[in-house]
Protein chains: 4
Amino acid sequence: MKRIAVLTSGGDAPGMNAAIRAVVLASHYFGVQVIGYRHGFNGLLEQEYQILQSSDVNNIIQRGGTILKSARCQAFTTDEGGRQAADNLTALEIDALIIIGGDGSFRGAVHLGRFWSGKILGLPGTIDNDINGTDATIGYYTAIDTALESIDRVRDTADAFERIFLIEVMGRHAGFIGLSAAVCSGAEQVLLPELFTDNLPDLDSLAGHIQTAQKIRGKCSYIMVVSENIWPGGVMDLADQLHQRTGIDCRPVILGHVQRGGSPVSLDRILASKLGVYAVEAARTGKTGIMIGEHNQQMVEVPFQDTWNQAKALDPYLLHIQQETFDLVKNSNNP
Amino acid sequence: MKRIAVLTSGGDAPGMNAAIRAVVLASHYFGVQVIGYRHGFNGLLEQEYQILQSSDVNNIIQRGGTILKSARCQAFTTDEGGRQAADNLTALEIDALIIIGGDGSFRGAVHLGRFWSGKILGLPGTIDNDINGTDATIGYYTAIDTALESIDRVRDTADAFERIFLIEVMGRHAGFIGLSAAVCSGAEQVLLPELFTDNLPDLDSLAGHIQTAQKIRGKCSYIMVVSENIWPGGVMDLADQLHQRTGIDCRPVILGHVQRGGSPVSLDRILASKLGVYAVEAARTGKTGIMIGEHNQQMVEVPFQDTWNQAKALDPYLLHIQQETFDLVKNSNNP
Amino acid sequence: MKRIAVLTSGGDAPGMNAAIRAVVLASHYFGVQVIGYRHGFNGLLEQEYQILQSSDVNNIIQRGGTILKSARCQAFTTDEGGRQAADNLTALEIDALIIIGGDGSFRGAVHLGRFWSGKILGLPGTIDNDINGTDATIGYYTAIDTALESIDRVRDTADAFERIFLIEVMGRHAGFIGLSAAVCSGAEQVLLPELFTDNLPDLDSLAGHIQTAQKIRGKCSYIMVVSENIWPGGVMDLADQLHQRTGIDCRPVILGHVQRGGSPVSLDRILASKLGVYAVEAARTGKTGIMIGEHNQQMVEVPFQDTWNQAKALDPYLLHIQQETFDLVKNSNNP
Amino acid sequence: MKRIAVLTSGGDAPGMNAAIRAVVLASHYFGVQVIGYRHGFNGLLEQEYQILQSSDVNNIIQRGGTILKSARCQAFTTDEGGRQAADNLTALEIDALIIIGGDGSFRGAVHLGRFWSGKILGLPGTIDNDINGTDATIGYYTAIDTALESIDRVRDTADAFERIFLIEVMGRHAGFIGLSAAVCSGAEQVLLPELFTDNLPDLDSLAGHIQTAQKIRGKCSYIMVVSENIWPGGVMDLADQLHQRTGIDCRPVILGHVQRGGSPVSLDRILASKLGVYAVEAARTGKTGIMIGEHNQQMVEVPFQDTWNQAKALDPYLLHIQQETFDLVKNSNNP
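Keep in mind it's a predicted model, so treat the numbers as computed, not measured.

Caption draft 1: Seen up close, the overall build of chain A. When its secondary structure is counted, chain A shows eleven helices and eleven strands. Radius of gyration (C-alpha) of chain A: 22 Å, near the 20 Å computed for a compact globule of 335 residues. Dimensions of chain A, computed from the C-alpha atoms along their principal axes, are close to 70 × 35 × 30 Å. The buried share among the 335 residues of chain A stands at 67%. Once local pairs closer than 6 in sequence are excluded, the contacts in chain A between residues at least 24 apart make up 75%. Carbon together with sulfur atoms contributes 45% to the accessible area of chain A, which is approximately 11,100 Å² in total. Of the side-chain charges in chain A, 27 are positive and 37 negative, and the distance between the mean point of each set is 4 Å.

Caption draft 2: Broad picture of the domain arrangement of chain A. Residue and element names in this part refer to chain A. Domain boundaries in chain A define domain 1 (3-139 + 264-309) and domain 2 (140-260). Distance from the C-alpha centre of domain 1 to the C-alpha centre of domain 2: 34 Å. Taken together, the 17 residues of domain 1 in the interface contact 13 residues of domain 2. Of the roughly 1,200 Å² buried where domain 1 meets domain 2, counting both sides, 59% is carbon and sulfur surface. Of all residues in domain 1, I127, D128 and N129 give up the largest surface area on contact with domain 2, accounting jointly for 40% of the area buried on that side. At the boundary of domain 1 and domain 2, one finds zero salt bridges. Scanning the region where domain 1 abuts domain 2 turns up seven residue pairs in polar contact (both at pLDDT 80 or more).

Caption draft 3: Structural view of the UniProt feature "domain: Phosphofructokinase" (unreviewed entry) in chain A. Look at the UniProt record and you will see "domain: Phosphofructokinase" (unreviewed entry) annotated at residues 3-282 of chain A. What you have in residues 3-282 of chain A is 43% helix and 16% strand, and the ends, taken at the C-alpha atoms, are 14 Å apart.

Caption draft 4: Layout of the interface of chain D and chain C. Chain D puts 36 residues into the contact, and the matching count from chain C is 36 residues. When the two sides are added together, the surface that chain D and chain C hide from each other amounts to roughly 2,700 Å², 54% of it contributed by carbon and sulfur. Per-residue buried area on chain D facing chain C is highest for R153(D), F161(D) and H257(D); these three make up 25% of the total on that side. Our count for the chain D to chain C interface comes out at zero salt bridges. If you look at where chain D meets chain C, you find 14 residue pairs in polar contact (both at pLDDT 80 or more). At the level of secondary structure, the elements contributing two or more residues to the side of chain D that touches chain C comprise helix 5 (140-161) and strand 9 (250-254) of chain D.

Caption draft 5: Broad picture of unusual backbone geometry. Residues and elements named next belong to chain C. Unusually for a residue other than glycine, N296 sits at a positive phi of about 50 degrees. Of note, N296 is situated in the loop between strand 10 (290-295) and strand 11 (298-303). You can call N296 partly exposed: its relative accessible area is 22%. For Q297, which is not glycine, the phi dihedral falls at a positive 70 degrees. Relative to the helices and strands, Q297 resides in the loop between strand 10 and strand 11. Judged by its relative accessible area of 43%, Q297 is partly exposed.

Caption draft 6: Layout of the state of the cysteines. The full count for this structure, using the stated rule, is zero disulfides over all chains. Just so you know, C220(A) is unpaired, no disulfide at all, and the nearest cysteine sulfur is the one on C250(A), 12 Å from it.

Caption draft 7: Molecular detail of the pairing of strand 11 (residues 298-303) of chain D. Residue and element names in this part refer to chain D. Judged from the six bridges that link them, strand 10 (residues 290-295) and strand 11 form a sheet pairing that is antiparallel. Across the sheet, the residue bridging to M291 is V302, located in strand 11. Between strand 10 and strand 11, which pair antiparallel and follow one another directly, the connecting turn spans two residues, one of which, N296, has a positive phi of 50 degrees.

Caption draft 8: A look at the relation of the copies chain C and chain A. Take chain C, turn it by 180 degrees, move it 0.0 Å along the axis, and it overlays chain A with an RMSD of 0.0 Å. In the structure described here, the two chain copies are related by an operation that fits a two-fold rotation axis. Among all residues of chain C, the one whose C-alpha sits closest to the rotation axis is N296(C), at a distance of 2.3 Å. Interface overlap between copies is the fraction of interface residues in one copy that are interface residues in the other; for chain C against chain A it reaches 100%, indicating a shared surface.

Caption draft 9: Region of interest: the pairing of strand 1 (residues 3-8) of chain D. Residue and element names in this part refer to chain D. Counted residue by residue, strand 1 has five buried out of six residues, so it is predominantly covered. Across four bridges, the pairing between strand 1 and strand 2 (residues 33-37) is parallel. Paired with V6 across the two strands is G36, which belongs to strand 2. For the segment spanning strand 1, helix 1 (residues 16-29) and strand 2, crossover handedness is right-handed. In this structure, strand 1 lies alongside strand 4 (residues 96-101), joined through five bridges in parallel fashion. Counterpart to L7 in the pairing with strand 4 is I99.

Caption draft 10: Fine view of the sheet that holds strand 5 (residues 119-124) of chain D. Residue and element names in this part refer to chain D. Across the sheet, seven strands lie side by side as 3-2-1-4-5-10-11; this open sheet has mixed pairing. Where the open sheet ends on each side, the last strands, each with one partner, are strand 3 (49-51) and strand 11. Neighbour-to-neighbour, the strand axes of this sheet turn through a mean angle of 25 degrees, independent of strand direction.

Caption draft 11: Here's a closer look at the side chain of D145(A). Mapping D145(A) onto the fold places it in helix 5 (residues 140-161). There is no salt bridge for the buried D145(A), and the closest opposite charge comes from R269(C), which lies 6.6 Å off by N-O distance.

Caption draft 12: Just the pattern of salt bridges, in detail. Taken as a whole and assessed by the stated rule, the structure comprises 50 salt bridges over all chains. For R269(C), the salt bridge identified is with D152(A), shortest N-O distance 2.7 Å. Residue R269(C) is located in helix 9 (residues 266-284), and its partner D152(A) is located in helix 5; the two belong to separate chains. A salt bridge links R251(C) to D249(C); the nearest nitrogen and oxygen atoms lie 2.9 Å apart. In the salt-bridge network here, residues are joined through shared partners; they are R155(A), E188(A) and R217(A).

Caption draft 13: Layout of the packing of helix 11 (residues 316-325) of chain A against helix 9 of chain C. Taken N-terminus to C-terminus, the directions of helix 11 of chain A and helix 9 of chain C make an angle of 75 degrees; their axes are 10 Å apart at the nearest point. On the basis of the axis angle, helix 11 of chain A is roughly perpendicular to helix 9 of chain C. Counted together, Y317(A), L318(A), H320(A), I321(A) and T325(A) of helix 11 of chain A and I270(C), S273(C), K274(C), V277(C), Y278(C) and E281(C) of helix 9 of chain C form the full contact between these two elements.

Caption draft 14: Quick look at the interface of chain C and chain A. With 57 residues of chain C in contact, the opposing surface of chain A contributes 57 residues. Remark: the boundary between chain C and chain A carries four salt bridges. K274(A) serves as the salt-bridge partner of D315(C), at 2.5 Å between the closest nitrogen and oxygen. At the boundary of chain C with chain A, the tally comes to 22 residue pairs in polar contact (both at pLDDT 80 or more). Of all the secondary-structure elements, those providing two or more residues to the side of chain C that touches chain A are helix 1 (16-29), helix 5 (140-161), helix 6 (176-185), helix 9 and helix 11 (316-325) of chain C. At nine residues, helix 9 of chain C tops the list of elements feeding residues into the side of chain C that touches chain A. In terms of residue class, the side of chain C that touches chain A is built from 22 nonpolar, 22 polar and 13 charged.

Caption draft 15: Representation of helix 7 (residues 203-217) of chain A within the structure. All names here are of chain A. Relative to the 21 Å expected for 15 residues at 1.5 Å per residue, helix 7 spans 21 Å between its end C-alpha atoms, a close match to the ideal helical length. Along helix 7, the positions that sit buried rather than exposed are L203, L206, A207, H209, I210, A213 and Q214. On an axial view of helix 7, the arc spanned by its buried residues comes to 155 degrees, and they lie on one face. Taken together, the buried residues of helix 7 touch strand 6 (164-169), strand 7 (189-191), strand 8 (222-227) and helix 8 (234-246). Immediately downstream of helix 7, the backbone of G218 shows phi near 75 degrees, a positive value.

Caption draft 16: Representation of the packing of aromatic side chains in the model. Taken as a whole and judged by the stated rule, the model has 28 aromatic pairs over all chains. Aromatic side chains F41(C) and F76(C) sit 4.0 Å apart centroid to centroid with 5 degrees between the ring planes, which places their arrangement in the stacked category. Residue F41(C) is found in helix 2 (residues 41-45), and its partner F76(C) is found in the loop between strand 3 (49-51) and helix 3 (79-91); the two are separated by 35 residues along the sequence. F76(C) gets classed as buried once you look at its relative accessible area, which sits at 1%. Relative to Y141(C), the ring of Y140(C) lies with its centre 5.8 Å away and its plane at 40 degrees, an arrangement referred to as tilted. The class of Y140(C) is buried, set by a relative accessible area of 8%. Counting every residue linked through ring pairs, the aromatic cluster contains Y140(A), Y141(A) and F176(A). Seen from the ring of F326(B), R21(D) lies directly overhead, with NZ or CZ sitting 4.8 Å from the centre.

Reading the values: the criteria
- Residues numbered from 1 in each chain as written.
- Chains lettered and ligands numbered in written order.
- Predicted model: local features only at pLDDT ≥ 70, side-chain atom pairs only at ≥ 80, totals over all residues.
- Heavy atoms only, no water.
- Helix = DSSP H or I, 4+ residues; strand = E, 2+ residues; numbered from the N terminus.
- Rg over C-alpha atoms; globule rule 2.2 N^0.38 Å.
- Buried < 20%, exposed > 50% of the residue type's maximum accessible area, 1.4 Å probe, protein only.
- Contact = heavy atoms within 4.5 Å.
- Areas by Shrake-Rupley, 256 points an atom, 1.4 Å probe, with all protein chains shown as cover.
- Lys, Arg positive; Asp, Glu negative; His and termini not counted.
- Charge placed at Lys NZ, Arg CZ, Asp CG, Glu CD.
- Domains from an automatic or database assignment.
- Buried area = accessible area lost by both parts, 1.4 Å probe.
- Salt bridge = Lys/Arg side-chain N within 4 Å of Asp/Glu carboxyl O.
- Polar contact = N/O pair within 3.5 Å; in protein donor to acceptor, adjacent residues only side chain to side chain.
- UniProt positions renumbered as here; feature names shortened; annotations may be inferred.
- Disulfide = S-S within 2.5 Å.
- Pairing = 2+ DSSP bridges.
- Least-squares fit on C-alpha atoms with pLDDT ≥ 70 in both.
- Right-handed = clockwise from strand over helix to strand, strands pointing away.
- Axes fitted to C-alpha atoms, helices over the stretch in contact; angles between N-to-C directions.
- Parallel < 35°, antiparallel > 145°, perpendicular 65-115°, else oblique.
- Nonpolar A, V, L, I, M, F, W, Y, C, P; charged D, E, K, R; others polar.
- Expected span 1.5 Å × (residues − 1).
- Arc of directions from axis to C-beta.
- Phe/Tyr/Trp six-rings, centres within 6.5 Å; stacked < 30°, edge-to-face > 60°.
- Lys NZ or Arg CZ within 6 Å of the ring centre and 35° of its normal.

Okay, here's the thing in structure tokens:
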């Protein structure tokens, strides 16, 4: 193998740079040259790339974002796009392409595989952690801590004013960030997509929980963590509705894109480093059509289709303690 | 002097606990007892208070929020409320009351002075920094850093995607947080209340600035810091409007209540400590009707009315460098 | 079961408070009262304890240290101490005792079991992660991030001056913090106790690595992460030795006790919450003589002896990438 | 004016990059080209430089260290060195040189002025804040917060174990970091160079303070902040001495180089931005031989000699509250 290419695609996630660095250093370890495509699949189509030297990845392990930039790319999803990309890869004599991104990026990888016979490998890079086959995705750990830090801050005000706050976190179709952020911030309530697949949250029951909490503990702070997209109109509308029903002031906070950035925490750097090196090692032994993941402390190879065919489940025990053990209403009969 | 009371009122701000601690330790230094009223002026009306021992303020200097809680209180603003509060203070033989809060709290202080002859002193506690007579208010420094940390994170994504972000920061009537956050995050644009007292920002000119930026630098990240309440509908609506005019994707981020909380940064702890001690010293020498502030590195005593009669001006040089020197359009003719 | 007791023992670790909170809330969920002993086993001997109400654990999930205090206790390790502790537990009608600490604390648990027939359970609480049977210990994740944050800062100076820094991290007998901190800070060299069980690091080879690095890359920054206790005289002496051998300025930094404190990161709060709840559930079903851990995403019950009989191994793949793939000398032949 | 040069010299400080960026953007605003010398005065001697484009300073405002690198340079201090530097500046047709550094760098500036007739301006960049004529130096604010964050962490352990910690902070000849860190961490004791100009701290009195504290409050945490270089052998030796005298366990922590790095806090970025722009404006109007500072919210021009001729005094009121009001022994008679 003489030349490996790497690109980042889809939403950016902290740790993508650590993964790029790992790919580059591992390739150099084996004497393989690395090409970095810029702007995701766009770079592949438009031959926007650069040779990545060791010095290019020096001191990037700690940086958020991605030095290769990212982008969405409609043109690539067509047959013509796939063929163009394949031609470009062939022209550059690329032996393997490593794609860092989410499930949309992996669908792109499969699409490319119809037109190009080189090795294609994926690394799970998304804060949402909604990729099956790996225990965690690059960026997930940092996103939880970022959300947590913000909720800890809101708790200060909530406590000072004994107020209700609704905090919207990221996770379009998956409640990983929401559940983790709720447990570790000691949130009084959490609304996750997995709990409301066919219906909306029940306003009366939500309002009732708030009111019971205030009966039990007196006026007090109350934090509800809400995954985005669960409630039409978001937490702003939900806060209004709850205010109307309870007469209690409810404040919405939308954490938003803040959750995507920042210097990656240690676990994201470690995960990205391991995945990046392993991907190069796997490419050298001829592996293709797989995402590299980590499951139960072992590096694993997951066929691309399996990464999205099955939804990854939330940790049932974590859900149990948040919704049962730590529920303040169920906890009200203090001995 | 035998007994001092202290309360926190209005929006909470990081450093309020450091100020409470300073009041307590300074009072004890002089052998004076301290009463802490809870929930702002409500506690004064409802005699909700506690004696504050040194151990009560041990290890609180680093905590956000306020251990005395805060609240708004309509009842207090009536004559009846003022009289009731005065009676309660007299009944407890309080010699001096120290109020930590914003200009609303200081108006309350003046109101109380009509009914009570004890000494009344104020400490500026608000993240907005919109109190005349003191260079900074308790909580302001932390709020800038909190906003900055969030914007630094958004910049990572903005850069990775070369995207436009509109970031709404606190500061209802004053652009202190907005201007500081813009300069120190290297924001490409800033909208402050001081710049739009009689009018709305000009959409065409905002859109034009974005488009010129992209002409000069190619597609690139662009961050606009926007003080709350400047644009009807907030940054969500403004982002829509700019998108319609430019065709470029603009993402809104509302930092919101996150800016109010968190462990105070060093300068807020230092300011709060100095103001708290000085307030006790001033009360002992018979001072009343004043806010304690710091101006040009000197402790100052500011009559309550002066704290709101005159608007505090933004740093003109800081405004100059943000709007002139650092403006990327004016900077486009790189030599 | 009517009454559970909890204590923290040995070195404190971020997340101990989250564990105490989980034990209290889970107990209350089952209608069980909780007694908190103070100062570790000392409190058991001297009957220093308090009933823990829900309000006592409100808002402590985010705090470092331990609200129950910790301490070493020689007296407890004698037969007399064990008997006294047993008598005290019996007198208070304690059904189960939950001990949060490291392997020394678990030896104490076994000792107590010789004299007391109540249920005894342990939760792994130590930043060192040197407890067999659980993938991570409470506090470990925070310690890595704390070390990392400091090393990231040192890297700034190292880069500005192109200097050599030796950074001593905690981990008396185990290199978990050292290895993780090295990988995620992109350290050029790491010295771990597991690599030098019978001998000292070879000065010539360390010096040679530094010199080769500077030959390959020119003058540049170079960070060596060193676990405490590996080198007699610590990094101060090691830095001197290397300076003498290479003539290159080497600066020592000892991170020290800073690594023990701070608000726990999300993963430590989550781990502590799960372990704490599970311990109460296990006690209710009659389990005793075990540490609760988490292994491969499952809650596990580990007999106390197994927690120290076998040394927990470092992640071999992580060691591989740090010492092979990321070694800058082995990486020097950039294609 | 056609060409400005900039360099960073002496110890690095967070915010140096923000200052470089400000110099570059302000120069471009006026159509002036910027040359960046690397490795401080070494780059001047060895003509190691680069033209700085706007894109070179894009996204560096948040980075610690200095993109121009820093270094000590003996050769420059000779007459020959000064002449060589002058020749090189003349050869490159540099109109003005802006030096970012501490008082050693400003002495270098004066030295250069003997041989070169171009304009020479300085920006105060050092964490120590020991430069006369400016209220703060670039990097000082970040260093306090970094020290504070570490001491807050140590306090967690100190509290859990009710232990004595001695924490050594930077500030070779000036106690600015020490005093600020002590006040805002609520330290029980502080040792600053300004307090011990002719003598060593009195061991008996230090030991007595610790013992009295434990008499008054019972066993409790106790933090002593110590500026480096006050005690021969540093805090390690001082901790030993105090242990011998009191029999109480005293733990040393040396914060060290960690204090030099990290992303600059907002105030350092703001200060650096203002100083950098003002320096370019001043150079354009023909100013030379001065350091740009900020005093009482005004930009000031300080002749180089004045920056070191007079020692800058600690804030007397801050010293007063730390040593008098907040002294726990003087505070012991709680009413």
